[in-house]
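Next come the chains, spelled out residue by residue.
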Amino acid sequence: MALLQIHEPGETPLPHEDERQIAVGIDLGTTNSVVAISRDEKPEVLRDKSGGNAIVPSVVYYGEDTPVVGEAARDYINTDASRVVSSVKRLMGRGIEDVKSLAGTLPYHVEVPEKSDGDAADQMAEPMMVRLNVGDRVLTPVEVSADILRALRARAEESLEQTVEKAVITVPAYFDDGARTATKDAAKLAGIEVLRLVNEPTAAALAYGLDNGAEGLYAVYDLGGGTFDISLLKMQKGVFQVKATGGDAALGGDDFDHAIAEHLLSKRKDGGATDELDASDAKRLLKVARKVKEGLTDLDTVEVVVDLNGSETSHEVTRSDFEAMIAKLVSRTTAITEQVLDDADVMPEDVKGVVLVGGSTRVPAVRKAVADLFEQEPLSNIDPDEVVALGAALQAEALTGGSDNLLLDVTPLSLGLETMGGIVEKVIDRNTPIPVAKGQEFTTYQDGQSAMMIHVVQGEREMVDQCRSLARFVLTGIPSMAAGAARIRVQFNVDADGLLTVSAREETTGVEQEVAVKPTYGINEMDMANMLRDSMVHAREDMTLRLLTEARVEAKRNILAVHAAMEADRALLTPEDDKNIADAIAKLEATMAGDDRDAINEAAEALETASRPFAESRMDSRIRQALTGQNVDAVN
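In this report, the structure presented in the accompanying data block is examined. (Residues numbered from 1 in each chain as written. Predicted model: local features only at pLDDT ≥ 70, side-chain atom pairs only at ≥ 80, totals over all residues. Heavy atoms only, no water.)

## Details of the layout of surface pockets
Estimated volume of the second largest pocket: approximately 770 Å³. Thr31, Asn32, Gly359, Ser360 and Asp385 are, among the 38 residues lining the second largest pocket, the residues nearest its centre. Elements supplying a minimum of two residues to the lining of the second largest pocket: strand 2 (32–39), helix 2 (71–75), helix 8 (253–270) and helix 9 (279–295). By residue number, the principal contributor to the lining of the second largest pocket is helix 9, which donates five residues. Its residues assigned to classes, the lining of the second largest pocket comprises seven nonpolar, 14 polar and 17 charged. (1 Å grid on protein atoms, 1.4 Å probe; cavity = no way out; pocket = protein on both sides within 12 Å on 5 of 7 lines; lining within 4 Å. Points joined across faces, edges and corners; volume = space filled by probe spheres on them. Helix = DSSP H or I, 4+ residues; strand = E, 2+ residues; numbered from the N terminus. Nonpolar A, V, L, I, M, F, W, Y, C, P; charged D, E, K, R; others polar.)

## Considerations on the pattern of salt bridges
The final tally for this structure, using the stated rule, is 20 salt bridges. Where glutamate 157 meets arginine 153, a salt bridge forms, and the shortest distance between an N and an O atom there is 3.1 Å. Separated by four residues within a single helix, glutamate 157 and arginine 153 lie in helix 5 (residues 141–160), roughly one turn from each other. Looking at arginine 153, the relative accessible area reads 18%, which means it is buried. Among the salt bridges present, the one from aspartate 257 reaches lysine 293, with a minimum N-O distance of 3.1 Å. With aspartate 257 in helix 8 and lysine 293 in helix 9, the pair connects residues that are 36 residues apart, well separated along the chain. (Salt bridge = Lys/Arg side-chain N within 4 Å of Asp/Glu carboxyl O. Buried < 20%, exposed > 50% of the residue type's maximum accessible area, 1.4 Å probe, protein only.)

## Examining the side chain of arginine 74
Topologically, arginine 74 is positioned in helix 2. In contact with arginine 74, not counting residues within four places along its chain, are Thr31, Asn32, Pro57, Val59, Lys287 and Arg290. (Contact = heavy atoms within 4.5 Å.)

## A short note on a negative patch on the surface
Together, Glu338, Asp342, Asp345, Glu349, Asp350 and Glu375 give the surface a local cluster of negative charge. Inspection of the secondary structure assignment puts glutamate 375 in the loop between helix 11 (364–374) and helix 12 (387–401). (Patch = residues over 30% accessible without salt bridge, like charges linked within 9 Å, V, L, I, M, F, W, Y side chains within 5 Å. Areas by Shrake-Rupley, 256 points an atom, 1.4 Å probe, with all protein chains shown as cover. Lys, Arg positive; Asp, Glu negative; His and termini not counted. Charge placed at Lys NZ, Arg CZ, Asp CG, Glu CD.)

## Notes on unusual backbone geometry
We note that aspartate 40 has phi near 55 degrees; this positive angle belongs to a residue other than glycine. Relative to the helices and strands, aspartate 40 resides in the loop between strand 2 and strand 3 (42–45). By relative accessible area, aspartate 40 is classed as exposed at 67%. For serine 87, which is not glycine, the phi torsion reads 55 degrees and is therefore positive. Looking at where serine 87 falls in the secondary structure, it is placed in the loop between strand 7 (84–86) and helix 3 (96–99). The exposure class of serine 87 is buried, given its relative accessible area of 10%.

Shown next, in the form of structure tokens:
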């Protein structure tokens, strides 16, 4: 008889079990990506064959053979730029309509298909996805990201000398369902099982928290190549809870590169050059600009040669020049940071430490701005390019071997339902720790209503048309009841990856419908930032509109209820009551067309007063019917 093997939590039972359970942490970045492994809570990045470079540029070259990823792909920008794809993370989870606003700013050509004349419903069922024209190929962002993930997996397998099929992958805190789903799809194409998607700031905090035994309130300032995120996290006894988060999708190291490139072009123009850049020239110029930026991290002056259209020019760029170019960009990051502090109701001095994430935080002007804002030097004892992958590796180890640490990410935007009048009823508020499950009961609006449309929305505004629609489904089979009698419980479940499932159940019959909210594309980070900003700017007018709409909805419900009662018991109506009720209804309907909520409520009260004698007659009639033929003693 075989003996049971009993082990302490977190211990791996056998060597072959360790091999089967191995999982890595992956930071899939806009500009650069990194893969790491953790053993005994000691994470380390996995480097190239020479053991030197941990960074894999998120660049892919599509030649005639197998795709080339990384530094080698970046080298092709000088010789075959039309086949090179970079910064594809900006398109994850986006549709054609989302990227139209990015026209002219992307380093590749986006294919925009013409809408067909087919059925509109068919077009809605199959949203147009973003596709890239790369040489003679047409690719989706998911396919390009999968090629980057394959390269990271290959590096891990080469370094560890064993198969790697599981990973924790990090995503920006502001990635919505569409972008998260796209990331999971890319991993699946690359042959990787995603154990969990972890928000990048949380991963960075995890790396610092375990490494330094940190407790208290920390800020994670993440300025990467394509996006900026700022998060406040409370660390206590192994629990990492995100308190507030903010960001800007149009802010990152790429914007610094564009500023330098425009500076170099202006200098060439001053020297008499007339440059008309095509896509390949633009890629080459941005590559030069990136080298200038990197050089000015340690040097006060960088000299560079720009070769465009067969014309070479030499230029000198000083650090003070560079800092003047990016001053407004850096100020935007501190303004967003101050807003997040306000959201969390904390002062800069309440923050125990500031964690820097992303290669763009190497820029001296950025570090100085962060230090000035928080009045302390930011933490920098972990490489900002590697810290996210290290945190992901720690979480991967925890999920496969056990850990005493708990990660609590949050929902970046509120989730709710549309109710009558186009009002949003929030079920899960933004900055709620995930995973989370919350339910709320709703009821029918009209007598005999047998179905209910469940419309799931995301955003901070009070009205549906001001928020983002996520999903719709219909709950059918509701038993015929009076309005307000049915009990329909709508349940929201957000998993640890931030993906949403919504179900609706009619409690009397048990009829239930469920939908997994997995849009083909979704909210981009700028949309999210705008949603949060709009919710604050328009808070007062939104609430005024909500209260007005609620008054109209309640008034309409009262009118419907009175009409139904009159149809059922018209014989009990006196001519005087009939006229009074009709006049009150007409006045209420006229008042509802206006914007005076108090006037609507007063008119609704007038209708209630006018219909009270009729309501009393109905009640008396019901009592008489109930007592007909009853013995007094039996009633007692």
